[in-house]
Amino acid sequence: MNRQYRLDDGRQTLVLAAHRDRLPEVVYWGASLPEGEDLGILHAAQMLDVTGGMLDEHPDLSICPEASRTFPGQPGLIVRDNDGTPLLPKFCFASEEHTETGLTLCYEDAANALTLCAHFETDRHSGMITCWSELTATRPVHLHWLAAPVLPAPQLSDEMIDFSGRWCGEFQLNRVPWTPGMRYRENRTGRTGHEHFPGLLIPCRGATNTQGEVFGFHYGWSGGHRMIAEELPDGRRQVQWGHAARMETQAAERFASAPLYVTYSDRGLNGCAVAFQRHLRDRIVTWPKSSTARPVHYNCWEAVYFDHKLPVLKEIAERASALGAERFVLDDGWFGQRDDDTSSLSDWEVDPRKYPDGLGPLIDHVHGLGMSFGIWFEPEMINPESNIHKAHPHWALGGEDQVLGRHQKALDMANPEVRDFLYDRISKILRDHEIDYIKWDHNRVLPAPDASQTRGSYALLDRLRGDFPKVEIESCASGGGRIDFGILKRTQRVWLSDSNDGVERLRMQHNAALFLPAAITGSHVGPRHCHTSGRTLDIRFRAWVAAQRHMGFEMDPRELSDEEARVLTEVTAWWKHHRAWMLKADILRLDTADPSVTAEQQLCQTKNKFVVFAGTTDTSRQISPRPLRLTGLAPDAMYSVELVNRDSRPFWSRGPQPLKDGPVTLSGRYLMAHGLTLPWNFPHTMWVLEGDRL
């Protein structure tokens with residue numbers, strides 16, 4: 001008897017089918033099928049023909065491809081017995097469990113006493129399917145590789161899009177052509193990494209930001225991952241995700257993959273982006289104060305670095321508050337003997353030289369200005385030059401002669417004694433002071449990948465969240481080095497990059513929006529002269545780039561001229577006025593005819609309101625701007641569209657255009673089929689438009 005299963009969420013259908021008791025394979029994944037579709041016929045209809053020079057039957061491309069069944073590609077499981085003997089499992093059906101939104105299928109290998117279960121959950125709100133694999137054994141075994149449920153890739157696809165990056169250059173898109181063989185990406189740094197964000201988008205031929213079919217994947221794990229995208233000799237394609245190989249350093253009786261989040265779109269890259277954004281914001285992140293507006297941040301790092309002087313910080317807080325800041329974050333340098341980055345990590349006690357009366361006077365001053373208070377920690381790290389390292393050198397992960405990163409080592413987070421110590425130090429600071437925000441940093445890679453390290457970090461975060469549920473936590477790792485749905489189950493904000501350069505930020509935010517909503521993506525107005533790129537950028541451009549996401553400031557406000565302060569205050573007030581709906585909006589990347597323009601449309605979920613940000617990063621090849629097409633509107637509806645910052649147009653924009661004078665009324669069809677013709681502008685500028693349905 002063959003077995004078939006079907007999962008639906010209103011926008012996509014996933015069909016699994018198995019020959020008799022074998023592991024099932026995904027025989028359909030795409031647009032929603034009719035309710036009456038005969039799954040038995042569908043299963044038979046997708047079978048490939050057999051010809052010369054090959055096996056008499058195509059081995060199943062199952063949810064865990066098995067080497068024991070002559071599968072010619074990468075297997076979904078590599079495991080050894082406790083004595084090191086390689087095992088070649090052959091799983092057979094054991095049980096199935098159905099719920100209203102999910103499916104669990106379990107299979108047993110009696111000879112090797114192994115059980116493999118695959119779990120699937122659907123979500124109609126976001127259009128996301130979450131799946132994960134679980135392996136159990138009757139005795140400890142050694143795991144080399146366990147894939148989350150394996151999915152096929154579409155045949156009508158010429159390329160895949162994955163992600164690379166670096167410090168101050170996160171979320172770089174790689175477009176890689178499909179060829180016979182394997183695309184293998186593995187992150188062995190022990191954290192999510194700037195270099196290997198665990199996401200993949202597979203567009204079908206002709207897909208763009210706004211149209212066509214795309215399949216999206218994200219692996220929700222913070223400790224390093226492996227991705228395999230393989231085209232087999234017979235033309236079939238498989239995509240595998242799991243922890244980086246050999247991350248499980250100890251034999252055990254149970255292993256599990258992290259959740260793999262997958263979605264199908266018939267609305268281009270944006271369809272996948274909206275699913276990931278909504279699922280992360282509305283299903284993954286737990287908000288400490290969900291009814292409270294997201295506050296405008298001020299972070300003091302680029303203003304003072306380690307040079308903490310109470311009068312200076314108080315003055316900076318006063319100026320930040322006057323500009324519109326609602327949360328003050330005290331960054332690195334408040335503890336131990338921390339005058340630079342060479343010492344004191346893990347000595348989480350207030351520096352009496354800088355704060356002779358403790359943190360209370362600064363916190364009270366900040367609260368008196370109407371702002372809440374946040375503080376920086378880097379709990380998983382330790383400097384050799386610290387009291388704790390001298391007392392407990394065995395708490396450090398790795399060898400004595402290891403290469404340091406930022407003069408520091410990582411702590412052994414798998415050690416309960418280490419976690420208890422960190423909990424005691426951090427919780428004391430939180431109990432003794434009215435603090436509602438932690439910036440949680442992670443500034444070096446691990447000496448070796450180890451899944452227990454990630455699980456230990458998760459455990460500490462979970463414990464702190466349980467005891468301090470109103471404290472919000474930001475995930476920072478030298479910027480965007482730890483961004484994934486696993487860490488975001490425990491945090492509420494990410495620091496996308498240590499670069500506050502508006503040009504770099506515009507690109508990074510545009511690409512990160514393929515997965516991240518505005519509400520969790522921190523973006524700050526940096527110094528006039530950027531500390532990481534050397535560029536000098538106008539305050540208008542810097543402010544509007546920050547206003548695309550969860551807005552904040554990080555410059556020294558004392559550097560601002562009166563005109564710069566006025567502009568920043570106005571943009572901040574605009575962001576506050578719109579944040580209630582913007583931070584719940586869908587971010588849609590726009591297809592632009594001009595490669596020098598990076599544009600997005602933030603569309604209210606009711607589709608009655610939108611904002612367009614159109615940034616110019618370079619000089620255009622043509623002399624006049626090309627029309628910018630919008631997306632996602634009701635074609636027959638009329639919209640009032642206004643250029644918010646029309647007063648900032650340059651002298652050389654001198655032609656008569658209605659947008660320069662006030663709102664214009666246009667149909668959704670016109671806006672999507674022809675587009676808006678914007679005024680001319682210089683590079684490194686941003687046009688901002690508001691639209692309201694009439």
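Sequence order as written defines residue numbering, which begins from 1 separately in each chain. Given that the model is predicted, a residue must reach a pLDDT of at least 70 before its local features are reported, and side-chain atom pairs must reach 80 or more before they are shown or counted; all residues, however, enter totals for whole chains, interfaces and linings. The side-chain numbers reported here are obtained from all heavy atoms of the structure, hydrogens and water having been left aside.

A look at the sheet that holds strand β28 (residues 521-525)
Taken together, 8 strands build a closed barrel; the order of strands is β20-β21-β22-β25-β26-β27-β28-β29 and the barrel is parallel. Along the sheet, successive strands turn relative to each other by an average axial angle of 30°, direction set aside. Here, a strand pair is defined by DSSP locating no fewer than two bridges between the strands. Secondary structure follows DSSP: runs of H or I at least 4 residues long count as helices, runs of E at least 2 residues long count as strands, and numbering of each begins at the N terminus. Pairing geometry for strand β21 (residues 327-330) and strand β22 (residues 372-377), over 4 bridges, is parallel. Opposite Val 329, over in β22, you have Gly 374 as the bridge partner. Across the sheet, helix α10 (residues 539-546) touches β28 and β29 (550-553), and the angle it forms with β28 is around 165°. Fitted lines through C-alpha atoms serve as axes, helices being fitted only where they are in contact, and the angles separating the N-to-C directions of these axes extend from 0 to 180 degrees. Throughout, a contact is declared for two residues whenever any of their heavy atoms are within 4.5 Å.

Describing empty space enclosed by the protein
Space inside and on the surface of the protein is sampled on a 1 Å grid over the protein atoms alone, with a cavity defined as a set of points where a 1.4 Å probe fits but cannot get out and a pocket as an open set with protein on both sides within 12 Å along at least 5 of 7 lines; lining residues have an atom within 4 Å of a point. Grid points are joined across faces, edges and corners, and a volume is the space filled by probe spheres set on the points. Evaluation of the coordinates by the stated rule reveals 7 cavities of 30 Å³ or more. Approximately 100 Å³ is the volume found for the largest cavity. Every residue lining the largest cavity is listed: Leu 143, His 144, Trp 145, Leu 146, Tyr 219, His 243, Ala 244, Arg 246, Met 247, Glu 248, Ala 256 and Ser 257. If one sorts the elements of the lining of the largest cavity by residue count, strand β9 (residues 128-146) sits on top with 4 residues. The classification used treats Ala, Val, Leu, Ile, Met, Phe, Trp, Tyr, Cys and Pro as nonpolar, Asp, Glu, Lys and Arg as charged, and all other residues, Gly among them, as polar. Considering only residue class, the lining of the largest cavity consists of 7 nonpolar, 3 polar and 2 charged.

Some points on the pairing of β28
The element β28 is extensively covered by neighbouring structure, given that 5 of its 5 residues are classed as buried. Judged by which residues are buried, β28 turns out to be covered on both faces: Thr 521, Ser 523 and Val 525 on one side and Gly 522 and His 524 on the other are all buried. Note: strand β27 (residues 493-495) against β28, 2 bridges, orientation parallel. Each bridged residue has a counterpart across the sheet, and for Trp 495 the counterpart in β28 is Gly 522. Every crossover in which the path from the first strand over the helix to the second runs clockwise, viewed with the strands pointing away from the viewer, is termed right-handed. With helix α9 (residues 502-512) bridging β27 and the parallel β28, this β-α-β connection has right-handed handedness. Pairing of β28 with β29 involves 4 bridges; the strand directions are parallel. Following the sheet pairing, His 524 is matched in β29 by Gly 552. Handedness of the β-α-β unit built from β28, α10 and β29 comes out right-handed. When a residue's accessible area, from a 1.4 Å probe over protein chains only, is under 20% of the maximum for its type it is buried; when over 50% it is exposed; and in between it is partly exposed.

Quick look at the sheet that holds strand β33 (residues 638-643)
Spatial strand order, β30-β31-β32-β35-β33-β34: 6 strands in an open sheet with antiparallel pairing. The sheet is open, and its two edges are formed by β30 (586-589) and β34 (664-667), each paired on a single side. Neighbour to neighbour, the strand axes of the sheet diverge by 25° on average, direction disregarded. On top of the sheet, α10 reaches β32 (609-616) and β35 (685-693); it is set at about 45° to β35, its chief contact. Where helix α11 (residues 562-582) meets the sheet, its contacts fall on β31 (597-603), β32 and β35, and the angle it forms with β32 comes to roughly 120°.

Here's the deal with the nonpolar core
Residue types Ala, Val, Leu, Ile, Met, Phe, Trp, Tyr and Cys, when buried and joined through side-chain atoms within 4.5 Å, form a set referred to as a nonpolar core. Residues Phe 217, Phe 328, Leu 330, Trp 334, Leu 516 and Phe 553 are the most contacted members of the largest nonpolar core, which totals 167 residues. It is β9 that provides the largest number of residues to this core, a total of 8 residues. The next biggest cluster of nonpolar side chains, apart from the first, holds 22 residues, and it includes Leu 628, Leu 630, Ala 637 and Leu 671.

Honestly, it's all geometry; don't read function into it.
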